[in-house]
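# Structural overview for review
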Amino acid sequence: MFKKIEKEIRKYAWIAGALFLLSHTVNLITPSIMQYVVDEGIANQNINQIILGILSFVLIPCIFVLITSLFNYVTIVFARNKGNEYSIDLMRHLLSQPLSFFDKENSIELMTHSGREISKYLNFKISDIPKYYVTIVISVFLLVILCFYHPLLAILQLCFIPLGIFPVRKFQKIVNDKVMKVMEYNASMNQSKADTFQAVAFVKSNQLEEKRIEDINHINQKIVKLWGQVALLDSLSGMWMSGFVTSLFTGMSFGLIAYLIVSKIHLFSYGEMFSIMSYCALLYSGFCTIFMTQLQKTKIESEFTKTFSYFDQLSERKQLEKVEIKDKIVFDHVDFAYNEEVKVLDDFSWTFEMNKWNGIEGESGKGKSTILKLIEKFYDIDKGDILIDGTSISRISTESLYSQITYVAQKPSLFPMTIRENLYLGKNNASDEEIKEVLEAVGLYDAIMALPQGLESDIKEAGKLLSGGQQQRLSIAIALLRNTKIYLLDEICANVDKENAEKIRQYFADMVKKGVTIISVSHDHAFHKEVDSLLKL
């Protein structure tokens, strides 16, 4: 994917570079016109030549501005449109990753990088980078022009390069290290903020507001300090190149011209002197652009290195089989560990029959929930195999599995929108009758309809409008609307009162009689009183 982005950037960079080259080639004519006006028009007191030169001075900048505007339009439009497109592609790519990927990554950092303005990077690549290379070409051309006036002039300008490049290279390395550190601190600060808001009740009850703010401010001060140092380096680079070195070489160039004239080595006309100094000014501007772009390149690439590294993550793109699950799911001598130190399943074998209720019980940490997650292919097993109707799960596409299986977690996942919109996540545009049926099945219909806005009530972030038990039951209702042939239930009644838990249990028992398969995990043996098979870990 990243190679595709680079390829598209390259295409537009060539177009932008051509426009930039055209505009600056036109701009190179101005010093020659200046020389012509001074040496011919003014010297000969030819009013027509002077007026023609002045008109040229006006016309050429207009052409330059027109072409530059076209160049800016091409780069900005492309960067904005493609930047948004690539941001969506990155989000899609991240969501295609296995669950193990998210276990290792910081969610706030993922959010930060997936929401980063990629258009900024693209604009730099198709605007500043073409300018960089075109400026090198123009600078070489300017050196050739100065060489025609006198070789010593060109040789003197070459000394500008080492005097400018070595400090800038030093700045590059320092800036790179500091920008990477800023990215780390930003992720840490955002995570700290998110943790504080998520645990706001705990923070308030324990009077931790000032402590949390102090911790966040401590990180923020580090960020401010680092950005201040980066800004200082940028400023020093600009002062060094545009200020000191440019002024130094402007004076040295004028001094060399004066020396050549006084020593009678070469006699320059007034027009030639004006022209030489103008070409020198253009050359110094070009050198500054080249060196400052190098510094900016380091900063941009450091800022976006992590973002684009996510495009390199592997995801399930190869063609895998679609399997209709009819018979059984078999765990065949499966080993699995979330990390190398702790093995959750060790040589585990078991068969889950279809069209039956399969229960799983056991102590915490024995791998009950892990079994459900492996059936969903959230993780890859370390050893053995999981066979679905005789086909290895590794050969079955996740799309095929997810279309037939609904996983209901102990912790509900609700979104900050209306109750109806959350229910639509289970079945888009579900009818009012379907919604009523599933809400009654989980004992939630009357409570929701008693709300001032009923189904149109906004449940806010993480379902704050509802109690913990109501959130759990709404999550189950959403799952029921999916109406799949297999349900994986992970402690779904842990936060539900006994009366409603029994109502939910009975509803699933009736579903099994209609051919639905249940594989459930529960600490409550009463929830499993009608199971067809019970696995105890």
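Reading the values: rules and limits
Residues numbered from 1 in each chain as written. Predicted model: local features only at pLDDT ≥ 70, side-chain atom pairs only at ≥ 80, totals over all residues. Heavy atoms only, no water. Helix = DSSP H or I, 4+ residues; strand = E, 2+ residues; numbered from the N terminus. Rg over C-alpha atoms; globule rule 2.2 N^0.38 Å. Contact = heavy atoms within 4.5 Å. Areas by Shrake-Rupley, 256 points an atom, 1.4 Å probe, with all protein chains shown as cover. Core = buried A, V, L, I, M, F, W, Y, C linked by side-chain atoms within 4.5 Å. Buried < 20%, exposed > 50% of the residue type's maximum accessible area, 1.4 Å probe, protein only. Patch = residues over 30% accessible without salt bridge, like charges linked within 9 Å, V, L, I, M, F, W, Y side chains within 5 Å. Salt bridge = Lys/Arg side-chain N within 4 Å of Asp/Glu carboxyl O. Pairing = 2+ DSSP bridges. Axes fitted to C-alpha atoms, helices over the stretch in contact; angles between N-to-C directions. Phe/Tyr/Trp six-rings, centres within 6.5 Å; stacked < 30°, edge-to-face > 60°. Disulfide = S-S within 2.5 Å. Parallel < 35°, antiparallel > 145°, perpendicular 65-115°, else oblique. Left-handed = near helix turned anticlockwise from the far one by under 90°. Nonpolar A, V, L, I, M, F, W, Y, C, P; charged D, E, K, R; others polar.

For the protein, the helix and strand inventory stands at 18 helices and 9 strands. For 537 residues, the compact-globule formula gives about 24 Å, and the C-alpha radius of gyration of the protein, at 35 Å, lies well above that figure. For the protein, the spread of C-alpha atoms along the principal axes amounts to about 110 × 50 × 45 Å. Contacts in the protein between residues at least 24 apart in sequence constitute 79% of all its contacts with a sequence separation of at least 6. A total of about 28,400 Å² of accessible surface is found on the protein, and carbon and sulfur atoms cover 59% of it.

Another point: the nonpolar core. Leu153, Phe160, Phe268, Ile276 and Phe291 are the most contacted members of the largest nonpolar core, which has 42 residues in total. Broken down by element, this core gets its largest block of residues, 12 residues, from helix H11 (residues 270-309). Setting aside its immediate chain neighbours within four residues, Phe160 contacts Met241, Val245, Thr246, Phe249, Tyr284, Phe287 and Phe291. In this structure, Trp357, Val408, Ile448 and Ile476 belong to the second largest nonpolar core, which totals 38 residues.

A cluster of nonpolar side chains, namely Tyr133, Ile136, Val140, Val144 and Phe148, defines an oily patch on the protein surface of about 520 Å² accessible area. Mapped onto the fold, Val144 is located in helix H6 (residues 118-149). You can call Val144 partly exposed: its relative accessible area is 38%.

On to the sheet that holds strand S6 (residues 405-408), then. The parallel open sheet is built from 5 strands, whose spatial order is S6-S7-S8-S3-S9. Strand pairing shows two members of the sheet lacking a second neighbour, S6 and strand S9 (533-536), which therefore form its edges. Strand after strand, the sheet turns through a mean of 15° between neighbouring axes, direction not considered. The sheet contact formed by strand S3 (residues 357-361) and strand S8 (residues 517-521) spans 4 bridges and is parallel. When the bridges of S8 are listed, Ile360 appears paired with Val521. Docked against the sheet, helix H18 (residues 498-513) engages S3, strand S7 (486-490) and S8, running at close to 135° with respect to S3.

Moving on, we come to the packing of aromatic side chains. The description of two aromatic rings rests on the distance between their centres and on the angle between their planes. Under the counting rule described, the total for this entry stands at 16 aromatic pairs. Seen in terms of ring centroids, Tyr132 and Tyr133 are 5.0 Å apart; in terms of plane orientation they differ by 75°. Their pairing is edge-to-face. Joined through ring pairs, the aromatic side chains of Phe160, Phe249, Tyr284, Phe287 and Phe291 make up one cluster.

Attention now moves to the pattern of salt bridges. Counted under the stated rule, the structure contains 11 salt bridges. In this structure, Asp335 and Lys343 form a salt bridge, with 3.5 Å as the shortest nitrogen-oxygen distance. A cluster of three or more residues bridged by salt bridges with shared partners is formed by Glu502, Arg505, Lys529 and Glu530.

Throughout the structure, instances matching the rule amount to 0 disulfides. The thiol of Cys159 is unpaired, and the distance to the nearest cysteine sulfur, on Cys280, comes to 13 Å. Of all cysteine sulfurs, the one in Cys280 lies closest to Cys288, which takes part in no disulfide; the gap is 13 Å.

Ordered in space as S2-S1-S4-S5, the 4 strands form an open sheet in which the pairing is antiparallel. Sheet topology places strand S2 (343-353) and strand S5 (391-392) at the edges, where each strand pairs with a single neighbour. Of the pairings in the sheet, the one linking strand S4 (residues 383-388) to S5 comprises 2 bridges and is antiparallel in character. Counted as the bridge partner of Ile388 is Thr391 from S5.

The next subject is helix H12 (residues 368-375). Since the α-helix advances by 3.6 residues per turn, residues separated by three or four positions end up pointing in the same direction. The buried fraction of H12 is high, at 6 of 8 residues. Listing the buried residues of H12 in full gives Lys368, Thr370, Ile371, Leu372, Leu374 and Ile375. Lys377, located one to two residues past H12, shows a positive phi value of around 65°.

Looking now at the packing of helix H15 (residues 432-441) against helix H17 (residues 468-482). Contact geometry of H15 with H17 gives a least axis separation of 9 Å together with a crossing angle of 135°. Judged on the interaxial angle alone, H17 and H15 are oblique. Between H15 and H17 lies a crossing whose hand is right-handed. Judged by residue contacts, Glu434, Val438, Leu439 and Ala441 of H15 engage Leu474, Ala477, Leu480 and Leu481 from H17. Split by residue class, the contact of H15 with H17 holds 7 nonpolar, no polar and 1 charged.

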